[in-house]
Amino acid sequence: HDGLGRKQSDLSSDQRQQRLLERPSLLQYLSYTFNFHTFFAGPICTLKEHLVFMDGSYHMDPDPKPRNVTYPVYSIVSKLVYALLCLAVFTILGKYMSVDYLLDPKYMTSFPSMPITCMLAGTLIRFRFYLIWILADSINNAAGMGFNGYDKDGNPKWDLMTNVKVFEVELPQNMRSAVNAYNSTCGKWLRRVCFDRAPFSPTAATLLLSALWHGLYPAYYLMFVFGSVSLMAGRKLRKTVRPYFLSSWGLKLGYDFLSLAATRASYDSMMLVKNFLQLEQALLYWSYSYYLPIIASFVVAVALPVGKSRKEKDSVESTDKQFVTYPDKISHAKEIKLG
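Note that this is a predicted model, so its numbers are computed, not measured.

Parameters at a glance
- Residues numbered from 1 in each chain as written.
- Predicted model: local features only at pLDDT ≥ 70, side-chain atom pairs only at ≥ 80, totals over all residues.
- Heavy atoms only, no water.
- Helix = DSSP H or I, 4+ residues; strand = E, 2+ residues; numbered from the N terminus.
- Buried < 20%, exposed > 50% of the residue type's maximum accessible area, 1.4 Å probe, protein only.
- Contact = heavy atoms within 4.5 Å.
- Areas by Shrake-Rupley, 256 points an atom, 1.4 Å probe, with all protein chains shown as cover.
- 1 Å grid on protein atoms, 1.4 Å probe; cavity = no way out; pocket = protein on both sides within 12 Å on 5 of 7 lines; lining within 4 Å.
- Points joined across faces, edges and corners; volume = space filled by probe spheres on them.
- Nonpolar A, V, L, I, M, F, W, Y, C, P; charged D, E, K, R; others polar.
- Axes fitted to C-alpha atoms, helices over the stretch in contact; angles between N-to-C directions.
- Parallel < 35°, antiparallel > 145°, perpendicular 65-115°, else oblique.
- Left-handed = near helix turned anticlockwise from the far one by under 90°.

Q: Outline the overall build of the protein chain, listing residues and values.
A: Summing up its helical and strand segments, the protein chain has 15 helices and two strands in all. Among the 339 residues that make up the protein chain, the fraction classed as buried is 42%. Considering only residue pairs separated by 6 or more positions, the protein chain has 70% of its internal contacts joining residues 24 or more positions apart. Total accessible area on the protein chain is roughly 18,800 Å²; 66% of this is exposed by carbon and sulfur atoms.

Given below as structure tokens:
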């Protein structure tokens, strides 16, 4: 659509990067749709990225000359080790903590038992997804998929298919960084197909699309509504309140600690509710915290002033500053040899 149905001047930099000027063949389309590297649990790549991978060629910018890229042994092995660690943590500790604890008054009606239970349960539940996504990332790299240009020191980057950044999810400084670090390739897909194209309320439209995509369970819609409000509240806090705490190291440290605690509480309230699916269980889980994360997010989102729209800036940043510039016609790309 972007390559054949829209003017180049109407496209963002990422849309120009990912456009196709030729219709893919049926075989290419089916290859992308049923690609076993991404079919079951992600990570997701674009059709342009898949075709370049299948063609075995890239066109580097700013250096158009072919460059040798060594086989990513370190990336493959390190990600495999991380995946095995996630498996060990979930297997060993998962039997001591489950989602059922989040509805048990024994653990959810006292302090600090309630926040500790939420934090541990949320982390262990997410480790299942960390295992799958990091393992898939390693497998993609082993197949040669995931090359993302070079870093500032000239070393090859193999993070195109990286779908999660564990520390940024578990120790987030704001809601936006936590959301972007979790299932990030899916987030890029949602941004490309919805956020960058929505005529109004792009955040709400994107979260609604994601909710519909997940299914019709009420808990998903609660999660995405609260997520939209939390993102708005976090953005307003960062723009209007954070500057007052940057005058000294101590104030900034205190703000960062409070921001971490508040973000983690909001993130667990948002993400864990989807595990219950049914409305009654979701509301029961929120009731143990007296709905405080939800109320606080709504108050901040409504009370603080609105800053300038960051849609255009977010659209550029959403691609994680990819360093690979793909050719318009895949068959004319220059080969990068693995060796």
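Q: How would you summarise the side chain of Ser269 if you had to cite specific residues and measurements?
A: Looking at the secondary structure, you find Ser269 in helix 12 (residues 249-272). Leave out the neighbours within four places in its chain, and Ser269 touches Phe226, Tyr285, Trp286 and Pro293.

Q: How would you summarise empty space enclosed by the protein if you had to cite specific residues and measurements?
A: Per the counting criterion, the structure on display carries one cavity of 30 Å³ or more. Residue lining of the largest cavity: Gly122, Ile125, Arg126, Phe129, Tyr182, Met271, Leu272, Lys274 and Asn275, and that is the complete set. Every element with two or more residues in the lining of the largest cavity is listed here: helix 6 (113-143) and helix 12. It is helix 6 that provides the largest number of residues to the lining of the largest cavity, a total of four residues. Looking at the lining of the largest cavity residue by residue, the class counts come to five nonpolar, two polar and two charged.

Q: Could you give an account of the environment of Thr162, with specific residues and numbers?
A: Topologically, Thr162 is positioned in the loop between helix 6 and helix 7 (166-170). Judged by its relative accessible area of 19%, Thr162 falls in the buried class. Separated by 27 residues in sequence, Thr162 and Leu135 have C-alpha atoms that sit 10.0 Å apart. Here Thr162 is in contact with Lys79, Asp137, Ser184 and Thr185, once residues within four sequence places are set aside.

Q: I'd like a description of the packing of helix 11 (residues 218-240) against helix 12, backed by residues and values.
A: Between helix 11 and helix 12, the least distance of the axes is 9 Å, while the angle of their chain directions is 165 degrees. Overall, the two elements helix 11 and helix 12 adopt an arrangement that is roughly antiparallel. When you trace helix 11 past helix 12, the crossing you get is left-handed. Along its contact with helix 11, which presents Met223, Phe226, Gly227, Ser230, Leu237 and Arg238, the element helix 12 presents Tyr255, Ser266, Ser269, Met270 and Met271. By residue class, the composition of the contact of helix 11 with helix 12 is six nonpolar, four polar and one charged.

Q: Describe the layout of surface pockets, listing the residues and the values that go with them.
A: Looking at the second largest pocket, its volume works out to about 670 Å³. Around the second largest pocket sit 30 residues that line it, and Asp2, Gln18, Thr46, Leu47 and Arg197 are the ones nearest its centre. Those elements that provide at least two residues to the lining of the second largest pocket are helix 1 (13-18), helix 2 (26-33), helix 3 (47-55) and helix 9 (184-195). Element by element, the count of residues in the lining of the second largest pocket is highest for helix 9, at five residues. Within the lining of the second largest pocket, the residues separate by chemical class into twelve nonpolar, seven polar and eleven charged.

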